[in-house]
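# Inside the fold
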Amino acid sequence: MRNGMVVLVGAGPGDPGLITVKGLSCLKACDAVVYDSLSSEQLLAAARPDCRKVYVGKRAGRHSMKQEEINRLLVELGREGLYVVRLKGGDPFVFGRGGEEALALAAEGIPYKIIPGVTSAVAVPECAGIPVTHRSLSRSFHVITGHTKGEEGGLPAEFGQVAALPGTLVFLMGLNSLPAIVEGLVKAGRPESLPAAVIENGTLENARTVRGCLGDIQGKVLEAGLHTPAIIVAGEAAALDLSCKSGLPLGGVRVGITGTASFRERLGTLLDSLGAKVECAGAMEVNSHADSPEMEAAYGRLSRYEVIVFTSANGVRLFFGGLLKSGRDFRALGQVKFAVVGPGTAGELLKYGFRADYMPQVYRTRELAELLAQVCQTEGGGAALTAREGTSPRILIPRSRGGSPELTEILSRAGVAFDDIVLYDVTGGLPVQDAAGPQTGCDYITFASASGVEAYFEQMGGEAMERLAGIRTVCIGDVTAGALESHGRRVDVLAKEFTVRGMAEAILNDRSEGDERR
Ligand code: SAH
C-alpha cells in the first residue's frame, strides 16, 4: 500500500498569479485536487490532465459540501495513497477552516503539510491602493469576520472591543453585515467621518472599489450593487489610494498571446508588469522531430559540422535532448561552434554549458545569416566553410518547420553549404470559444512564429479573420508577418528585435503613436 498525503495550499486572493511558487509546484504534481473557489479554476489548468479534480464549493442551486464531509473526503483520498492538494482561497489558516482540515488529517494519521498563501485580508485592500498599515496613520491592522455563526448580525460577541481598536479594521465575509458593522463601530465611538472602503473581486480584473466613510458607505455600496466576495476596510488608511495614478504604460490594454506555454509565460509576464491585461489567444504545442532519420543522420556526423545554428530556445532544448536520446553525449560536439539569433537562445544554450560563439548585433534572422556568411568567408580561410563538391556541409541548422527562408537564401547566395533540418514543428490551438477575439475586447494579438500563425488559422478555421477583425496584429519578425499576410491579414505592429522584449516594445511604441494619431 502506498501512503498518501495532503497538502493544504493557499491559492491566493483571486489573481491566479498570486499563488506561491511552492503551491504551484504541488498543484502541478498532485494526483487529486480538492477545491471550492471558482476563481481558482484557472489555476487548475496547471494540474496534470489525469489529476482528479473534486469541487466541494457552492455552485448555483447546489449546496456546498459540509466541512465534515470535506474533512472525510481528504482523509479518504489520503488513504487511497494519493498525493492530494487541498486548494484554499487566500491563506489556508485565515478564516479558511484549514485548521479543522489539518486536525482531521492528524486524527486519522494522514501526513499533511501546509503551504501558506497570500491572504485577501492584505492583498485585496493593497491592490485597491489601500495599505493596511501606513506610517503615522495606522500602526496595526485587525482582521475580523463579519459572519459568525449563531451571533446576531453575524458579528462576533467581542465586536465592541474590536471596534474600538486603533489601526485598520479589515472585515472578511462581512458584506451582508455591513449595516451592523457600521452601527457597531459608531456605537464603539468611531466617528461617522471615519474613512471606509469596500472592495469587490479584489486583485481581479473586474475589481470594484467603493470609497466613503462610515456615514455613507452602506448607501454607496447599495447604489453600486456590490456583491461577494468583498472586503470592508475601515480606518484612516482606507482614505489612501496608492494605486499608481499616472498609470502603467500598457494600463487598460488587452493583449491576446499565441504561442507555447513557456513563450506565453515570458511575454505575458513582461506585458503584465507593463500593466496590460494578458490572455491566451492560442495555446501552441511543440512537437519534436529530433528522432527523425534526418536528425539521426545529423547527430551521426556532428564532428564534421563547424557551426550549429539555433534560431530559438526551443531548438536548443530539443537538439540537446535529442542528442542524449540518440545514445550519444555532448562530447560528440567536439570543437563545433554555436551561432544564435539572440540572447534568449544564447541563454538556453548556456543552460547546457555552451557559450554562443556568434550572435548578430541586431537579433534578426537576416543579420544572423549575414554574420554567418561573413564568418564562413573570413574565418574559414576563404572557402573553408563554403560548398565544395564532394564535401559535406559544415553548417547545421536544426530548426522549426517553416523557418525563415531568408537564412538559407543568404547562406546559399554566399556559397555556404548547410544542412537545414526540421527539428520540430508547432501545432495546436485553443477551443475556439475560449480564444481571443473582438468579443473578448482584445486590443492586440501576438504571433511569435510562422508556424504559430499557421496553427492559429488551422485551429480557427473560417472564423480566424473574423476573430482578428478590429484587433491589431503583432508579429515577432518578417517571416511571421509574411505568414500572416499570406492569409490575407494585414500586420499592424512588427517587432524590431526578434525577442519578447522587442514585441513588448513594439506594442508600447504603437500605443504612443496611437496617442499621437488621436
Ligand atoms: N482564507 C481566505 C479568506 C476566506 S474567507 C484568505 O486568506 O483570503 C472568504 C472571504 O474572504 C470573503 O467573504 C471575502 O470577504 C474575502 N475575499 C476573498 N477573496 C476576495 C477577493 N478577491 N475580493 C474581495 N474579498 C475577498
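Criteria and thresholds
- Per chain, residues are indexed from 1 in the order of the written sequence.
- Note on the predicted model: pLDDT of at least 70 is required for a residue's local features to be given, and 80 or more for side-chain atom pairs to be given and counted; whole-chain, interface and lining totals, by contrast, use all residues.
- Values shown for side chains rest on all heavy atoms present in the structure; no hydrogens or waters enter the calculation.
- UniProt positions are given in the numbering used here, feature names are shortened, and annotations may be inferred rather than shown by experiment.
- Only DSSP runs of H or I with at least four residues qualify as helices, and only runs of E with at least two residues qualify as strands; both kinds are numbered from the N terminus onward.
- Working definition: with a 1.4 Å probe on protein chains only, accessible area under 20% of the residue-type maximum means buried, over 50% means exposed, and in between means partly exposed.
- Whether two residues are in contact is decided by their heavy atoms: any pair within 4.5 Å suffices.
- Whether a residue is near a molecule or strand depends on its heavy atoms: it is near if one of them lies within 4 Å of it.
- N or O atoms within 3.5 Å of each other form a polar contact, as long as, within protein, one can give a hydrogen and the other can take it, and as long as residues adjacent in sequence are counted only when both atoms are side-chain atoms.
- Surface accessibility in these figures is a Shrake-Rupley result with a 1.4 Å probe; residues are shielded only by whichever protein chains are displayed.
- Charged means Asp, Glu, Lys or Arg here, nonpolar means Ala, Val, Leu, Ile, Met, Phe, Trp, Tyr, Cys or Pro, and polar covers whatever is left, Gly included.
- The rule for a salt bridge is simple: a side-chain nitrogen of Lys or Arg has to be within 4 Å of a carboxyl oxygen of Asp or Glu.
- Put simply, two rings from Phe, Tyr or Trp (the six-membered ring, in Trp's case) pair if the centres are within 6.5 Å, and we call them stacked under 30 degrees between planes, edge-to-face over 60, tilted for the rest.
- Only buried residues count toward a nonpolar core, which is a set of Ala, Val, Leu, Ile, Met, Phe, Trp, Tyr and Cys residues joined through side-chain atoms within 4.5 Å.
- If DSSP finds at least two bridges between two strands, the strands pair.
- Interaxial angles span 0 to 180 degrees and are taken between N-to-C directions of axes, which are lines fitted to C-alpha atoms, for helices over the stretch in contact.
- Throughout this description, any angle smaller than 35 degrees is read as roughly parallel, any larger than 145 degrees as roughly antiparallel, any in the 65 to 115 degree range as roughly perpendicular, and the remainder as oblique.
- Note: crossing handedness is left-handed where the near helix turns anticlockwise from the far helix by less than a right angle, and right-handed where it turns clockwise.

Per an unreviewed UniProt entry, the chain carries the name uroporphyrinogen-III C-methyltransferase and comes from Enterocloster lavalensis. The annotation that UniProt attaches to the chain under Sequence similarities (unreviewed entry) is "Belongs to the precorrin methyltransferase family."

## Things to note about the overall build of the chain
Secondary structure summary: the chain contains 18 helices and 19 strands in total. Considering only C-alpha atoms, the chain reaches an extent of 95 × 70 × 50 Å along its principal axes. The proportion of buried residues among the 518 residues of the chain is 48%. Within the chain, counting contacts between residues at least 6 apart in sequence, those at least 24 apart form 65% of the total.

## Digging into the site of the ligand
Taken together, 17 residues lie near the ligand, and Val 94, Thr 119, Ser 120, Met 173 and Ala 230 sit nearest. One nitrogen or oxygen atom from the main chain of Pro 13 is found 2.8 Å from a nitrogen atom belonging to the ligand. In this structure, an oxygen atom belonging to the ligand sits 2.6 Å away from a side-chain N or O atom of Ser 120. Calculation on the ligand without its partners gives an accessible area of 550 Å², and the protein chains cover 85% of this total. Its residues placed into classes, the shell around the ligand shows 10 nonpolar, six polar and one charged.

## Observations concerning the environment of Leu 44
Of note, Leu 44 is situated in helix α2 (residues 41–44). Leu 44 sits in the buried class, given a relative accessible area of 7%. On a C-alpha basis, the gap between Leu 44 and Leu 87 in space is 9.4 Å, while along the polypeptide they are 43 residues apart. Filtering out sequence-adjacent residues up to four positions away, Leu 44 remains in contact with Val 33, Tyr 35, Lys 53 and Leu 87.

## A short note on the pattern of salt bridges
Close approach of charged atoms allows side chains with opposite charge to pair. Taken as a whole and assessed by the stated rule, the structure comprises 28 salt bridges. A salt bridge links Arg 48 to Asp 50, with the shortest nitrogen-to-oxygen separation between them at 2.9 Å. Exposure remark for Arg 48: the relative accessible area of 27% places this residue in the partly exposed category. Between Arg 254 and Glu 205 there is a salt bridge, with the nearest N and O atoms lying 3.4 Å from each other. Residue Arg 254 is found in strand β11 (residues 254–259), and its partner Glu 205 is found in the loop between β8 (195–200) and β9 (208–213); the two are separated by 49 residues along the sequence. Take Arg 254: its relative accessible area is 22%, and that puts it in the partly exposed class. Sharing partners across several salt bridges, the network here consists of Asp 36, Arg 86, Lys 88 and Glu 101.

## Some details on the packing of aromatic side chains
With the rule as written, the count across this model stands at 16 aromatic pairs. Where Phe 310 meets Phe 319, the ring centres are 5.3 Å apart and the plane angle is 70°; that geometry is what we call edge-to-face. Each member of the pair, Phe 310 as well as Phe 319, carries the same accessibility label: buried. Seen from their ring centres, Phe 310 and Phe 338 are 6.0 Å apart, and the 20° between their planes marks the pair as stacked. Within this pair, whereas Phe 310 is found in strand β13 (residues 307–310), its partner Phe 338 is found in strand β14 (residues 337–340), the two being separated by 28 residues in sequence.

## Section: the nonpolar core
Where a protein is soluble and globular, its nonpolar side chains tend to be buried together. With 43 residues, the main nonpolar core has Leu 302, Ile 308, Phe 310, Phe 319, Phe 320, Leu 333 and Tyr 456 as its most contacted residues. Membership of the second largest hydrophobic core comes to 23 residues, among which are Ile 144, Leu 169, Leu 175 and Ile 217.

## Side note on the sheet that holds strand β2 (residues 32–35)
The sheet built from five strands is open, its strands ordered β3-β2-β4-β1-β5 with parallel pairing. Unpaired on one side and paired on the other, β3 (52–55) and β5 (112–115) mark the two borders of the sheet. Each strand axis lies, on average, 20° off the axis of its neighbour in the sheet, ignoring direction. Against the sheet, helix α1 (residues 21–29) touches β1 (5–10), β2, β4 (83–88) and β5, its axis set at about 130° to β4. Its contacts with the sheet place helix α4 (residues 98–107) against β1, β4 and β5, and it is angled at close to 170° to β1.

## Focus on the packing of helix α11 (residues 313–325) against helix α12 (residues 343–351)
Remark: α11 packs on α12, axes separated minimally by 8 Å, with the N-to-C direction vectors making an angle of 25°. As far as their axial angle goes, α12 and α11 are roughly parallel. The two elements α11 and α12 cross, and the hand of that crossing is right-handed. Contacts from Ala 313, Val 316, Arg 317 and Phe 320 in α11 reach Gly 344, Thr 345, Glu 348 and Leu 349 in α12. The residue inventory of the contact of α11 with α12, partitioned by class, reads four nonpolar, two polar and two charged.

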